[in-house]
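# Examining the three-dimensional arrangement
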Amino acid sequence: DGGITQSPKYLFRKEGQNVTLSCEQNLNHDAMYWYRQDPGQGLRLIYYSQIVNDFQKGDIAEGYSVSREKKESFPLTVTSAQKNPTAFYLCATSPQGAFNQPQHFGDGTRLSIL
Amino acid sequence: AQSVSQHNHHVILSEAASLELGCNYSYGGTVNLFWYVQYPGQHLQLLLKYFSGDPLVKGIKGFEAEFIKSKFSFNLRKPSVQWSDTAEYFCAVNAKNYGGSQGNLIFGKGTKLSVKP
């Protein structure tokens, strides 16, 4: 979506390595989200953040960590504890973490294991 | 737990055929409903949404969806599909007062639509 930049587009991880996926937005949205997309599984929520310096676990947070030091940025670290990290990762934002706001999505990062 | 079911994993149609993709959710309270589309190689885009009012909502590119509260359904329809509609379609639900955040979406597993020219 316009205004949400995910990088890199492709990422490879070695065994035992932590990797960090970047998500930057210039939409001035308060809420940011990380999803994991696997074939036939839809999107599953990893972590979300409604305001700076606050974030919450989603449905599949194990093996992942995040930070929200700035409104514009919500990086996701895939740690070595995540045993099956190969997936497509999507970052999303919404104007506020409210009930009636649609989410806007970035182009995604595809993570693979070497 | 709240869940969203999309009944068809892969739908194959010829151009000009009519389309209906099923979506059912399990939550008895107030919901907002969304359909997102992901064209090959592109990001997820909002197709249409239902918040309140007229249960028949119209979205982009000639798509529409009908919210039937009694059936917990929000099926997506298009009278005549085109080859360019080939994509993956996701239904999503946001339930008020569910879980820790009212902004979180629960997604279905998606339906791949292939339109033959």
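Up top is the structure these notes are about.
First things first, this report covers the structure right here in the doc. This one's a predicted model, so the numbers in the text were calculated from it and none came from an experiment. (Residues numbered from 1 in each chain as written. Chains lettered and ligands numbered in written order. Predicted model: local features only at pLDDT ≥ 70, side-chain atom pairs only at ≥ 80, totals over all residues. Heavy atoms only, no water.)

This next bit is on the packing of aromatic side chains. Geometrically, a pair of aromatic rings is defined through the distance of the ring centres and the angle of the planes. All told, the structure shown has 15 aromatic pairs over all chains when counted by the stated rule. Taking the centre distance of 6.5 Å and the plane angle of 25° together, the rings of Tyr33(A) and Tyr48(A) count as stacked. Residue Tyr33(A) is found in strand 4 (residues 31-38), and its partner Tyr48(A) is found in strand 5 (residues 42-51); the two are separated by 15 residues along the sequence. The exposure class of Tyr33(A) is buried, given its relative accessible area of 1%. Through a chain of ring-to-ring contacts, three or more aromatic side chains come together here, namely Tyr33(A), Tyr35(A), Tyr48(A), Phe105(A), Phe34(B), Tyr36(B), Phe51(B) and Phe107(B). (Phe/Tyr/Trp six-rings, centres within 6.5 Å; stacked < 30°, edge-to-face > 60°. Helix = DSSP H or I, 4+ residues; strand = E, 2+ residues; numbered from the N terminus. Buried < 20%, exposed > 50% of the residue type's maximum accessible area, 1.4 Å probe, protein only.)

The pairing of strand 2 (residues 10-13) of chain A with strand 11 (residues 109-113) of chain A spans four bridges and is parallel. From the neighbouring strand, Phe12(A) faces strand 11 of chain A, where its bridge partner is Ser112(A). (Pairing = 2+ DSSP bridges.)

This part takes up unusual backbone geometry. All names here are of chain A. That bond from Ser 7 to Pro 8 is cis: its omega, -10°, falls within 30 degrees of zero. Counting through the fold element by element, Pro 8 comes out in the loop between strand 1 (4-7) and strand 2. Of note, Asn 28 is a non-glycine position whose phi angle comes to about 60°, a positive value.

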